[in-house]
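Listed below are the residues making up each chain.
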Amino acid sequence: QEIAYFNHPLGSLEVIYDLTNDILKLNELERIFQIGLIFILIAQLLFSTVAFEWLVRRPVSMLATASKRLAQGDYTVALPGKRNDEIGRLVQNFIVMRDSINSSQSALKDEIERHKDTSTALFEEKERVSYHATHDSLTKLINRREFENRLAVAVETAKLERATHALLYMDLDQFKVV
């Protein structure tokens, strides 16, 4: 800058300011800011990972385990707690599905038991009717029709296998009295 007094030049003024220290301080502040930003980003990443683990992956994993145990017939498996988000709705739907399967399976088991009882009763009745169809109710001996069936089988096996059979015939007079 030129210096003059009543248009008379007296000299010049030059101001020199060294910015080296200021630039070094700014560089140091920039480095500290970068390290702080990296620390904040790492902390946010860790927080996001933990939050994802706790809020999403863990409940979904519990539901996967529950569905596997449900497929094995265990209806007492623990489920994640109640929440007001998509996972909570998924858990609620899973509970409804589990309870529905459990009640259907119980009803089916009851129905099978009733059919087993009916089947057993029918089998016993068939055996009883079959016995009465082939035996005399008074003597408990086989009746004439069953005798003829057994005789036909004996004759057929004698022909095919060249076997020998014997028949004893007894006639009792006044059998009803005896």
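In this text, all values refer to a predicted model and were calculated from it rather than measured experimentally. (Residues numbered from 1 in each chain as written. Predicted model: local features only at pLDDT ≥ 70, side-chain atom pairs only at ≥ 80, totals over all residues. Heavy atoms only, no water.)

**A few points about the packing of aromatic side chains**
Scanning the entire structure with this criterion turns up 1 aromatic pair. A cation over an aromatic ring shows up here: Arg58 above the ring of Trp54, its NZ or CZ 4.3 Å from the ring centre. (Phe/Tyr/Trp six-rings, centres within 6.5 Å; stacked < 30°, edge-to-face > 60°. Lys NZ or Arg CZ within 6 Å of the ring centre and 35° of its normal.)

**What about the nonpolar core?**
The biggest cluster of nonpolar side chains holds 9 residues, and these are Leu63, Ala66, Leu70, Tyr75, Val77, Leu79, Ile87, Val91 and Phe94. Secondary-structure elements contributing two or more residues to this core are helix H1 (20-71) and helix H2 (86-134). Those residues in contact with Leu70, other than ones at most four positions away along the chain, are Tyr75, Phe94, Met97, Arg98 and Ile101. (Core = buried A, V, L, I, M, F, W, Y, C linked by side-chain atoms within 4.5 Å. Buried < 20%, exposed > 50% of the residue type's maximum accessible area, 1.4 Å probe, protein only. Helix = DSSP H or I, 4+ residues; strand = E, 2+ residues; numbered from the N terminus. Contact = heavy atoms within 4.5 Å.)

**Quick word on H1**
Between its first and last C-alpha atoms H1 spans 74 Å; for 52 residues at 1.5 Å apiece the expected length is 76 Å, and the two agree. At Glu53, H1 shows its maximal kink, close to 40°. Those residues of H1 that sit buried are Pro59, Leu63, Ala66 and Leu70. Among the structural elements, H2 are those in contact with the buried residues of H1. Of the residues trailing H1, Gly73 is marked for its positive phi of about 95°. (Expected span 1.5 Å × (residues − 1). Bend = angle between axes of the 7 residues up to and from the residue.)

**Description of the pairing of strand E2 (residues 8-12)**
A small share of E2 lies buried, amounting to 0 of its 5 residues. Where strand E1 (residues 2-5) folds back onto E2 in an antiparallel hairpin, the turn is made up of 2 residues, including Phe6, whose phi is positive at roughly 50°. (Pairing = 2+ DSSP bridges.)

**Digging into the pairing of E1**
By the bridge criterion, 4 bridges tie E1 to E2 in an arrangement that is antiparallel. Counted as the bridge partner of Ala4 is Pro9 from E2.

**Things to note about the side chain of Asn143**
Residue placement: Asn143 occurs in the loop between H2 and helix H3 (144-161). Reaching out from Asn143, the side chain makes a polar contact with the backbone oxygen of Ala133 at a distance of 2.8 Å. One polar contact links the side chain of Asn143 to the main-chain amide nitrogen of Glu146, over a distance of 3.0 Å. In contact with Asn143, other than residues within four places in its own chain, are Ala133, Thr134, His135 and Asp136. (Polar contact = N/O pair within 3.5 Å; in protein donor to acceptor, adjacent residues only side chain to side chain.)

**Regarding the packing of H1 against H2**
Remark: H1 packs on H2, axes separated minimally by 11 Å, with the N-to-C direction vectors making an angle of 10°. Between H1 and H2, the interaxial angle falls into the category roughly parallel. Along its contact with H1, which presents Leu55, Val56, Pro59, Val60, Leu63, Ala66, Ser67 and Leu70, the element H2 presents Ile87, Leu90, Val91, Phe94, Met97, Arg98 and Ile101. A class-by-class count of the residues in the contact of H1 with H2 yields 13 nonpolar, 1 polar and 1 charged. (Axes fitted to C-alpha atoms, helices over the stretch in contact; angles between N-to-C directions. Parallel < 35°, antiparallel > 145°, perpendicular 65-115°, else oblique. Nonpolar A, V, L, I, M, F, W, Y, C, P; charged D, E, K, R; others polar.)

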